[in-house]
Amino acid sequence: MAGTYWDEADLERVIETFSSASFFGLPSSLFNHKGDLRYCNDQPVKLSRGKWDYYTPFKGWIRYGLDVEKFGNSGAQWLACDGAAGEWAVGFHGIRRDVLEVVKGIAFEGFKVFHGSNSQWGSKSNDIGPNASSFQVKKCGQGIFLTPKIEYLTTNIEDCRLMKPIRYNKHYHVEIALQCRIQPKQIRIPECAERQYYIVNDPRYVRPYGLLVHFLSEVETNNIFEGNNFDLKPAIPFVEQNINSGSSS
């Protein structure tokens with residue numbers, strides 16, 4: 001009927017009808033809509049959490065809040081936004097391969113450190129961060145890769161963009177990142193990263209609390225695929241990809 005028809009090219013209507021649980025194939029219990037947020041700022045805003053600076057997502061990005069009860073009843077501390085004691089830093093994790101499968105793996109099992117091929121980036125680099133003296137080993141070692149600025153995930157690194165768009169409908173693709181809190185004293189900064197990226201050795205200290213989604217037009221998507229070779233192995237350590245064993249990438 002004409003009265004119920006809507007144009008799936010209408011981005012506002014697409015966003016209104018988007019179901020995070022349905023699209024990602026996750027139970028609704030894994031989401032908490034109190035954490036939902038549609039960013040309206042034209043440019044990233046510099047903020048501080050856990051005494052570490054980060055830059056907010058910007059217009060076009062939408063956060064779908066994740067349930068954080070599994071992390072215990074200390075959420076008021078690690079999720080604080082006022083500089084209180086116990087507040088954790090903020091970082092973003094991009095997903096470049098097998099996007100939906102990876103999201104499921106992280107949602108159900110949490111992050112896992114990838115020890116396979118192409119996982120050495122930064123691991124042999126000296127830690128130049130403020131926490132370096134608290135670690136026995138000077139090299140950063142392997143771990144979970146994050147950044148304080150989501151734009152660093154969309155910048156080409158040797159034609160190897162760190163977020164790969166996936167199709168949503170015939171008019172739009174989406175790109176996806178995880179917004180996480182990070183235990184500040186566990187952050188390591190590889191010398192080779194120009195302070196744009198973090199490594200956290202122990203996945204227990206990285207807690208995802210939001211799924212970030214960015215809708216892209218066909219023109220935007222085509223420009224991304226033309227400028228990147230997604231067949232290249234990532235130069236950055238991601239979480240492992242074997243969903244059957246409870247790990248992801």
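Residues numbered from 1 in each chain as written. Predicted model: local features only at pLDDT ≥ 70, side-chain atom pairs only at ≥ 80, totals over all residues. Heavy atoms only, no water.

Turning our attention to the overall build of the protein. Secondary structure assignment for the protein yields six helices and ten strands. Counting only contacts in the protein whose residues sit at least 6 apart along the sequence, the fraction spanning at least 24 positions is 76%. For the protein, the computed accessible surface area is about 12,400 Å², with 48% contributed by carbon and sulfur atoms. (Helix = DSSP H or I, 4+ residues; strand = E, 2+ residues; numbered from the N terminus. Contact = heavy atoms within 4.5 Å. Areas by Shrake-Rupley, 256 points an atom, 1.4 Å probe, with all protein chains shown as cover.)

A few words on the environment of Pro208. With respect to the element layout, Pro208 can be found in strand 10 (residues 206-217). Exposure remark for Pro208: the relative accessible area of 9% places this residue in the buried category. C-alpha of Pro208 to C-alpha of Phe111: the two residues are 97 residues apart in sequence and 9.0 Å apart in space. Apart from the residues within four sequence positions on either side, Pro208 is in contact with Leu66, Val68, Phe71, Ile106, Phe111, Leu178, Gln179 and Cys180. (Buried < 20%, exposed > 50% of the residue type's maximum accessible area, 1.4 Å probe, protein only.)

The next thing to look at is the pairing of strand 5 (residues 89-94). Each regular strand shows side chains that alternate between the opposite faces of the sheet. Most of strand 5 is tucked away, with six of its six residues classed as buried. Of the two faces of strand 5, both are covered, the one formed by Ala89, Gly91 and His93 as well as the one formed by Val90, Phe92 and Gly94. In the sheet, strand 5 pairs with strand 8 (residues 172-182) via six bridges, with the strands oriented antiparallel. Counterpart to His93 in the pairing with strand 8 is Leu178. (Pairing = 2+ DSSP bridges.)

Turning our eyes to something else, we now look at the side chain of Ser125. By the secondary structure assignment, Ser125 is in the loop between helix 4 (99-109) and strand 6 (144-146). When its relative accessible area of 11% is taken as the criterion, Ser125 is described as buried. Within the local environment of Ser125, its side chain forms a polar contact with the backbone nitrogen of Cys192, the two atoms lying 3.2 Å apart. (Polar contact = N/O pair within 3.5 Å; in protein donor to acceptor, adjacent residues only side chain to side chain.)

We now examine unusual backbone geometry. Positive phi, normally seen in glycine, also occurs at Lys51, with a value near 70°. Secondary-structure assignment places Lys51 in the loop between strand 2 (46-49) and strand 3 (52-55).

This paragraph deals with the confidence of the model for the protein. Of all residues in the protein, 82% have pLDDT values of 70 or greater, and the mean over the chain is 84. Contacts from residues 235-249, a stretch scored under 50 in pLDDT, to residues over four places away or in other chains number 52 contacts. (pLDDT = per-residue confidence, 0-100.)

A few words on helix 4. Within helix 4 the residues assigned to the buried category are Val99, Val102, Val103, Gly105, Ile106 and Ala107. The inward-facing, buried residues of helix 4 contact helix 2 (20-24), strand 7 (166-167), strand 8 and strand 10. Trailing helix 4 by a residue or two, Gly110 shows a phi angle of about 80°, which is positive.

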